Amino acid sequence: MNKPQKITIVVPFLNEKENLPVLLERVSAVFAGREEDWELLLVDDGSTDGSAEWAVAQAKENRHVRVLRLSRNFGHQLAITAGLDRADGDAVVVMDADMQDPPETIPALIDKWREGYEVVYAVRRSRAGETWVKKFLAASFYRVFRRLTKANIPMDAGDFRLVDRCVVDALREVRELHRFMRGLTCWVGFRQAGVEYDRAARHAGETKYPVWKSARLAFDAITSFSGSPLRWIAVLGLGVCLLAILWVLYVMGLAVFRPESLEKGWASLIAVMVFLGGVQLVSIGMLGQYVSRIFEEGKHRPLYLVRQDTRSPASE
Ligand code: UDP
Ligand code: MG
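Residues numbered from 1 in each chain as written. Chains lettered and ligands numbered in written order. Predicted model: local features only at pLDDT ≥ 70, side-chain atom pairs only at ≥ 80, totals over all residues. Heavy atoms only, no water.

1. What about the packing of helix α3 (residues 76–86) against helix α6 (residues 165–173)?
Running from amino to carboxyl end, α3 crosses α6 at an angle of 120 degrees, the nearest separation of the two axes being 9 Å. Regarding the angle of α3 to α6, the classification is oblique. Considering how the two elements wind past one another, α3 and α6 form a crossing that is left-handed. Note on element contacts: α6 touches α3 through V168, L171 and R172, opposite L84, D85 and R86. Residue classes in the contact of α3 with α6 are distributed as 3 nonpolar, no polar and 3 charged. (Axes fitted to C-alpha atoms, helices over the stretch in contact; angles between N-to-C directions. Helix = DSSP H or I, 4+ residues; strand = E, 2+ residues; numbered from the N terminus. Parallel < 35°, antiparallel > 145°, perpendicular 65-115°, else oblique. Left-handed = near helix turned anticlockwise from the far one by under 90°. Contact = heavy atoms within 4.5 Å. Nonpolar A, V, L, I, M, F, W, Y, C, P; charged D, E, K, R; others polar.)

Written out as structure tokens, the structure reads:
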């Protein structure tokens, strides 16, 4: 081998002041005895706690550190995208800044990559320090998502993974706004394999993914990979129509055989109206979700904006 291969580690972060120093230390330790060249590409997703300034200061002294600062908070998925867009390694590892994804797993990912796999995802054997609500919702989500989308995304793998250069290039071609990176890395294909690891508890700070934010990501994931909710609406509509026909037949029978019972029909009428009103509103809302996607994609705005890249100081 003439030139050592380079591994870029993309880490999006939002206010992770206490975690970044530990991250840098542990990643440096992992690569200390290895032949690969490496770069820690920290993507600041609009931090306000001074963690970005700390990172930029590190980048000035340490050639292994590069910082990309986004102009504001664009969200985890877009921060990962920004990192992948600028990463120039032969392979790119994506991981979280909070030490839930232990850097010590990276060598195992690299070994699998050397075996010829282009996407190596880290599968959570266990998850420490997370509430059972979150674990339960996460487990259900992976199952529903697989059923709905037929995308064969690995169960219980998060964003922690290694991707080969060719996959990074493929992902750069995908410019949709509502991105679910785990789904996309599966969608692009190539040879994929998994490596198991134990997900640790957060080292410091609070999670930036409360349950409602995870639910939104799950909803984004499903609606951007599948039109099935639209089909459910059609099926629901058909079902309600069938019920209505049966109801009409029943009422006609009553009119013939027990006309006196029809006089007090207003209560059931209201019940049916309210039910149908609800079904219609839900359906319109669901349609609206897809229409708003078209609206947002149609604007063709950039996915994120960069304030600074320590590799090109001119952007400061
Ligand atoms: N993060 C980010 N932008 C956001 C939210 C989170 O870059 O808008 C980062 C965060 O700093 C961390 C990673 O994404 O490095 C995962 O977030 P977190 O640990 O809060 O999520 P959890 O592991 O609890 O699902
Ligand atoms: Mg975390």
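2. Focus: the sheet that holds strand β4 (residues 91–94)
The strand order across the open sheet formed by 8 strands is β7-β5-β6-β4-β1-β2-β3-β8, and the pairing between neighbours is mixed. Among the strands making up the open sheet, the edge pair consists of β7 (192–199) and β8 (306–309). Taking the axes of each pair of neighbouring strands and ignoring which way they run, one obtains an average angle of 20 degrees across the sheet. For strand β5 (residues 119–127) and β7, the ladder comprises 8 bridges, and the chain directions are parallel. (Pairing = 2+ DSSP bridges.)

3. What about the pairing of strand β2 (residues 37–44)?
Of all 8 residues making up β2, 7 are buried, and the element is well covered by its neighbours. The pairing of strand β1 (residues 6–13) with β2 spans 8 bridges and is parallel. Across the sheet, the residue bridging to P12 is V43, located in β2. Between the parallel elements β1 and β2, the chain passes through helix α1 (residues 19–32) in a crossover that is right-handed. The parallel pair β2 and strand β3 (residues 65–70), bridged by helix α2 (residues 51–61), forms a crossover whose chirality is right-handed. (Buried < 20%, exposed > 50% of the residue type's maximum accessible area, 1.4 Å probe, protein only. Right-handed = clockwise from strand over helix to strand, strands pointing away.)

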